Amino acid sequence: MELRVLRYFLAVAREENITAAAGVLHITQPTLSKQLMDLENELGKQLFIRGKRKITLTEEGMFLRKRAQEIVELADKTQSEFLSNEEMISGDIYIGGGETDAMRIVAKTAKELQKNYPGIKYHLYSGNAQDVTERLDKGLLDFGILIGSSNLNKYDYLKLPVTDTWGLLMKKDSPLAEKDIISSEDLKGIPLIVSIQALKNNELSGWSGYNFEDLNIVATYNLVYNASLMVDEGLGYVLTLDKLVNTAGKSKFCFIPLKPKLEANLYIVWKKYQVFSKATEKFIDVLQSLL
């Protein structure tokens, strides 16, 4: 498979129309159609279902789209690193992480670097720990921000000088909003919206002393913004980390911490034996100076 053909394939998958994709790619429709047929013949799989007005992907096509996106991103990232000026440090830094206030440390590091190296650009990817480590392993990210220490064995890392605190996000007119702390007993019976990662890692079951099966979990989430909309509509309470949703001023929400206090350590990680570009080397140097 040629990289050029994968770009053609992604354009057609995006536009859902060969004529439109050919226009975007500045090639003729017959040329594009032939390239797609050759790709299907090479793989021995049908990638598209060709309708009168719209092209849709088969199951094999959807699988290839995911892989093609990863291959193209990695190729572009590699090319960018080679093309960066040897004397004037520039280039792209790819950082992934879940929703956490620790991203402020990344922002401060980038701001400090910007003073001397304005040619460095930053690309942020939001996802849970599984998403981030998968992209790290494939070389699509330079760094990842991980919450907790369960995924550290195969990475080099720095522990960040901050922690996130677990608690309950709710509307300010909720019955529990008058409390100063949330105990494990308070969780029994109320409708809960819980992090998928927290469920998988049993981060909260040890704190509570009982299984999550005993709780009334009405929904799960991987990023908290959508979960906060469910709270706003009255579906339930979100078990989450602090500082992720605005609770100040005229906000509808409030956050009440758990007791006993439950905190999560935060780490910035990268692949072991990773060969850094000059831009990523400078990022690590400045980050360490700020810690």
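Now for a description of the structure that goes with this document. Quick caveat, the model's predicted, so the values are computed rather than measured.

### A short note on the overall build of the chain
Then, in step 1: Looking only at helices and strands, one finds 11 helices and 11 strands in the chain.
Then, in step 2: Burial statistics for the chain: of 291 residues in total, 44% are counted as buried.
Then, in step 3: The long-range share in the chain, meaning contacts at least 24 apart out of those at least 6 apart in sequence, stands at 72%.
Then, in step 4: Here the chain contributes 36 positive and 38 negative side-chain charges, whose respective centroids are spaced 3 Å apart.

### What about empty space enclosed by the protein?
Then, in step 1: Across all of its chains, the model carries one cavity of 30 Å³ or more by this definition.
Then, in step 2: Put simply, the largest cavity is a space of about 250 Å³.
Then, in step 3: Put simply, the parts of the chain that give the lining of the largest cavity at least two residues each are β5 (143-147), α8 (196-201) and β9 (237-241).
Then, in step 4: Looking at which element gives the most residues to the lining of the largest cavity, the answer is β5, with three residues.

### Some words on the packing of helix α2 (residues 18-25) against helix α3 (residues 29-43)
Then, in step 1: As a packed pair, α2 and α3 sit with axes 9 Å apart at the nearest point and diverge in direction by 105°. Classified by the angle between their axes, α2 and α3 sit roughly perpendicular to one another. Contacts between α2 and α3 involve Ile18, Thr19, Ala21, Ala22 and Leu25 on the former and, on the latter, Gln29, Leu32, Ser33 and Leu36.
Then, in step 2: Broken down by class, the residue content of the contact of α2 with α3 amounts to six nonpolar, three polar and no charged.

### Some thoughts on the pattern of salt bridges
Then, in step 1: All chains considered together, the criterion is met by 19 salt bridges.
Then, in step 2: For Asp76, the salt bridge is made with Arg7, and the minimal N-O distance between the two is 2.6 Å. Taken together, the positions of Asp76 in helix α4 (residues 59-83) and Arg7 in helix α1 (residues 3-15) put the pair 69 residues apart, joining distant regions of the chain.
Then, in step 3: Accessibility expressed as a relative area gives 32% for Asp76, which makes it partly exposed.
Then, in step 4: Exposure remark for Arg7: the relative accessible area of 33% places this residue in the partly exposed category.

### Quick notes on the packing of aromatic side chains
Then, in step 1: Scanning the entire structure with this criterion turns up seven aromatic pairs.
Then, in step 2: For the ring pair Phe143 and Trp270, a centre distance of 6.0 Å and an interplane angle of 80° mean the geometry is edge-to-face. You can see Phe143 sitting in strand β5 and its partner Trp270 sitting in strand β11 (residues 263-271), a full 127 residues away along the chain. Like Phe143, the residue Trp270 is buried in the burial classification.
Then, in step 3: Of the aromatic side chains, those joined through ring pairs into one cluster are Tyr122, Phe143, Trp270, Phe276 and Phe283.
Then, in step 4: Its end group placed over the ring of Tyr125, Arg135 keeps NZ or CZ at 4.3 Å from the ring centre.

### Remarks on the nonpolar core
If you look at soluble globular proteins, the nonpolar side chains tend to sit buried side by side.
Then, in step 1: Core analysis: the largest hydrophobic core is formed by 42 residues, its most contacted members being Leu168, Leu187, Leu192, Ile268 and Phe283.
Then, in step 2: Ignoring anything within four residues of it in the chain, the contact list for Leu192 reads Leu168, Leu187, Leu215, Asn216, Ile217, Val218, Ala219, Tyr237 and Leu239.
Then, in step 3: Tyr8, Leu10, Leu39 and Ile55 belong to the second largest nonpolar core, which has 21 residues in total.

How each quantity is defined
Residues numbered from 1 in each chain as written. Predicted model: local features only at pLDDT ≥ 70, side-chain atom pairs only at ≥ 80, totals over all residues. Heavy atoms only, no water. Helix = DSSP H or I, 4+ residues; strand = E, 2+ residues; numbered from the N terminus. Buried < 20%, exposed > 50% of the residue type's maximum accessible area, 1.4 Å probe, protein only. Contact = heavy atoms within 4.5 Å. Lys, Arg positive; Asp, Glu negative; His and termini not counted. Charge placed at Lys NZ, Arg CZ, Asp CG, Glu CD. 1 Å grid on protein atoms, 1.4 Å probe; cavity = no way out; pocket = protein on both sides within 12 Å on 5 of 7 lines; lining within 4 Å. Points joined across faces, edges and corners; volume = space filled by probe spheres on them. Axes fitted to C-alpha atoms, helices over the stretch in contact; angles between N-to-C directions. Parallel < 35°, antiparallel > 145°, perpendicular 65-115°, else oblique. Nonpolar A, V, L, I, M, F, W, Y, C, P; charged D, E, K, R; others polar. Salt bridge = Lys/Arg side-chain N within 4 Å of Asp/Glu carboxyl O. Phe/Tyr/Trp six-rings, centres within 6.5 Å; stacked < 30°, edge-to-face > 60°. Lys NZ or Arg CZ within 6 Å of the ring centre and 35° of its normal. Core = buried A, V, L, I, M, F, W, Y, C linked by side-chain atoms within 4.5 Å.

Keep in mind these values describe shape, not function.
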